[in-house]
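Letter by letter, the chains look like this.
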Amino acid sequence: QVQLVESGGGLVQAGGSLRLSCAASGRTFSTYGMGWFRQAPGKEREFVAAISWTGSTTYYADSVKGRFTFSRDNAKNTVYLQMNSLKPEDTAVYYCAASLRGVGVRLRYGSEYQYWGQGTQVTVSS
């Protein structure tokens, strides 16, 4: 069982930055692939980024590529999403998720994740 707690969301102006964190419980955290997804009001949940269990491979949605960076610290059971050059369209609730699939392009799909956090709100004003 893995429990995930996100933090770091907030209100920021367009062009600004935020860093989201997701702290995980469980001694097997380092074996999980991790992902960030987001859901804006009235829209479906969408993939943002994923990282392999070693941290050596990352995957990004085209809409955030070059602006967001996903990293992990397995010693701290924590993953981070550094978000730069934020745009109003990045406004959403951001969810951290953990997958028993440690690596692979299927980490882009929400159905591959077994554990989800409760989400943190990110609001980008224009």
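Let me begin by describing the structure that accompanies this report. Computed from a predicted model, the values in this text were never measured in an experiment.

Thresholds, definitions, all that
Residues numbered from 1 in each chain as written. Predicted model: local features only at pLDDT ≥ 70, side-chain atom pairs only at ≥ 80, totals over all residues. Heavy atoms only, no water. Pairing = 2+ DSSP bridges. Helix = DSSP H or I, 4+ residues; strand = E, 2+ residues; numbered from the N terminus. Axes fitted to C-alpha atoms, helices over the stretch in contact; angles between N-to-C directions. Phe/Tyr/Trp six-rings, centres within 6.5 Å; stacked < 30°, edge-to-face > 60°. Buried < 20%, exposed > 50% of the residue type's maximum accessible area, 1.4 Å probe, protein only. Disulfide = S-S within 2.5 Å.

## Here's the deal with the sheet that holds strand 7 (residues 68-73)
And then number 1: Sheet architecture is open: four strands sit in the order 1-3-8-7, paired in antiparallel fashion. Two strands close off the open sheet at either side, each with one partner strand: strand 1 (4-7) and strand 7. In this sheet, adjacent strand axes meet at a mean angle of 15° when their direction is disregarded.
And then number 2: The pairing of strand 1 with strand 3 (residues 18-24) spans four bridges and is antiparallel. Residue Glu 6 lies in a different strand from strand 3, and its bridge partner there is Cys 22.

## Quick notes on the packing of aromatic side chains
And then number 1: The final tally for this structure, using the stated rule, is six aromatic pairs.
And then number 2: Here Phe 37 and Phe 47 contribute two aromatic rings whose centre-to-centre distance is 5.7 Å and whose plane-to-plane angle is 70°, an arrangement assigned as edge-to-face. In this pair, Phe 37 is assigned in strand 4 (residues 33-39) and Phe 47 in strand 5 (residues 46-51), connecting sequence segments 10 residues apart. Judged on exposure class, the residue Phe 37 and its partner Phe 47 are both buried.
And then number 3: Relative to Tyr 113, the ring of Phe 37 lies with its centre 5.2 Å away and its plane at 80°, an arrangement referred to as edge-to-face. Placement of Phe 37 in strand 4 and of Tyr 113 in the loop between strand 9 (92-99) and strand 10 (115-116) is noted, with a sequence separation of 76 residues between them.
And then number 4: On the accessibility criterion, Tyr 113 (6% relative accessible area) is buried.
And then number 5: Put simply, the rings of Phe 37, Phe 47, Tyr 113 and Trp 116 touch in pairs and so form one group of aromatic residues.

## What about the pairing of strand 8 (residues 78-83)?
And then number 1: Summarising burial for strand 8: five of the six residues are buried, a large majority.
And then number 2: Relative to strand 8, strand 3 runs antiparallel, the two sharing six bridges. What sits directly across from Arg 19, in strand 8, is Gln 82.
And then number 3: Taken together, the six bridges between strand 7 and strand 8 define a ladder with antiparallel strand orientation. By the bridge assignment, Ser 71 is partnered in strand 8 with Tyr 80.

## Remarks on the state of the cysteines
A disulfide bridge is the covalent bond that connects two cysteines by way of their sulfur atoms.
And then number 1: Enumeration according to the criterion identifies one disulfide in this entry.
And then number 2: Here Cys 22 engages in a disulfide with Cys 96; their sulfurs sit 2.1 Å apart. Residues Cys 22 and Cys 96 are joined by a disulfide whose S-S torsion is about -80°; by sign, that bridge is left-handed. Remark: Cys 96 occurs in strand 9 and Cys 22 occurs in strand 3; sequence separation between them is 74 residues. Pair check on accessibility: Cys 22 and Cys 96 agree, each one buried.

In short, geometric facts, not functional conclusions.
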